[in-house]
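Structure assessment
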Amino acid sequence: MIRISRKPWSIASLILAIVAAVATAYPARAQLGESGLNWQQRFLGILPLVKPNPKDPVVVTVNGAPITAAEIADYAKTEAQMINATSTEESNAVFRDASENLINRQLLLQEAARLKITIPDAEVAQRARQFQIAGGEGQPAPASSAPDAQLMNEVRGSMMIEKMLDDEFRTHHVQPTEKQIQDYYDQHRDLFVKDPGEVEIAHIAVKLPPNATDAQKKAAAEKIIKIYKEAQKNKDFAAIAEQNSEDTESAAKGGDLGYFRPGQLPPVVDKMVFATPVGQLTEILESNLGYSFIKVVARRGETNAPLSDVKAKIALFILDENEDTVVKGLLKKLAKGAKIEFKTLPKGTEAKGEDAQPAPEEANP
């Protein structure tokens, strides 16, 4: 007998469970994570501003520098807000990402310190006041409020990282060239469609009778799947449609339905056919009338935005990609030579209030 049990986890225990997966990634490699945040947001924009507490368990040390459960939880909370994480899966991913980002931030801080990178106090104070006013510490602070020592220290660290990476970017020539921009435009013209024009489509349908039974639905589904597989192998779509489609009007024309502009088809079908390359099949569509799939036969009248209109956008995208590549390479090198130790959290840490988290499902015999 399998019984599903649930119990509350403390936030620290949840972090330990998630960070255990991160431990396998170090010191062999380092990642920028999967949430979509860029390196500026990860290592400069989210600051670990949790006040030191001797009772706060240390989850991991990076060359001796501790990262606590509270720091990971605080970072994860901010990241979750930035990416609008709502599901349990997203929340768990955010905690894992927060752990990686704090480890990587510490690696970058230590490398910047090794390189003796310094930032004048006046520049740090100015950036820290901007951070306060923007609400980086939670509630926006008055412009006249002096930044506290912890904020100053973390902002200084971010600025050191920024200066060090700027030097790395210059060394690796991350600015995109005219050729790179042109090549990207040529290879991704589908991203710069100005007018999709018209699309010619043909389909094969298997109909359902009114108030179809489950057995009738199953039989129709099996039939359309069999025809779909045949259409994937056989290039003569028209012949297959003539022989198998139950839409007799279009079947007589090889399944041809004619040309359509955006908005002339049902929304789901419209989106699907304009996203499908010429000569390819859509997925099988299901409705109360039955099952069908569509072949995109041809397109006409499609126009692309000229390169001059999208050049700046392409250049920025390539620049971001180049910078991320440099940062990943540096982190991989730093992690390889680092001593990263994951700790076992003390027992008896209980969840309180908002810290309570549902446990994953456990199967107990």
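Structure: see above.
Attention in this report is confined to the structure presented alongside it. These figures come from a predicted structure and were not determined experimentally. (Residues numbered from 1 in each chain as written. Predicted model: local features only at pLDDT ≥ 70, side-chain atom pairs only at ≥ 80, totals over all residues. Heavy atoms only, no water.)

Next up on the list: the sheet that holds strand β8 (residues 285-287). Reading across the sheet, the four strands line up as β7-β6-β9-β8 and stay open at both edges, with antiparallel pairing between neighbours. The outermost strands of the open sheet, each flanked by one partner alone, are β7 (256-260) and β8. In this sheet, adjacent strand axes meet at a mean angle of 35° when their direction is disregarded. Sitting on the sheet, helix α8 (residues 214-233) is in contact with β6 (198-207) and β9 (290-300), with an inclination near 30° to β9. Contacts from helix α11 (residues 267-275) reach β6, β7, β8 and β9, with the element oriented near 45° to β9. (Pairing = 2+ DSSP bridges. Helix = DSSP H or I, 4+ residues; strand = E, 2+ residues; numbered from the N terminus. Axes fitted to C-alpha atoms, helices over the stretch in contact; angles between N-to-C directions. Contact = heavy atoms within 4.5 Å.)

For β6, the tally of buried residues reaches eight of ten residues, placing the bulk of the element in the interior. Here β6 runs beside β9; their pairing, made up of ten bridges, is antiparallel. Along β9, the bridge assignment pairs H203 with I294. When β6 meets β7, the two strands line up antiparallel, connected through four bridges. Following the sheet pairing, E200 is matched in β7 by Y259. (Buried < 20%, exposed > 50% of the residue type's maximum accessible area, 1.4 Å probe, protein only.)

The contact between helix α4 (residues 88-114) and helix α12 (residues 307-336) brings their axes to 10 Å, and the two run at 85°. By the criterion of interaxial angle, the relationship of α4 to α12 is roughly perpendicular. Residue-level contacts link N104, L107, L108 and E111 of α4 to L330, L331, L334 and A335 of α12. (Parallel < 35°, antiparallel > 145°, perpendicular 65-115°, else oblique.)

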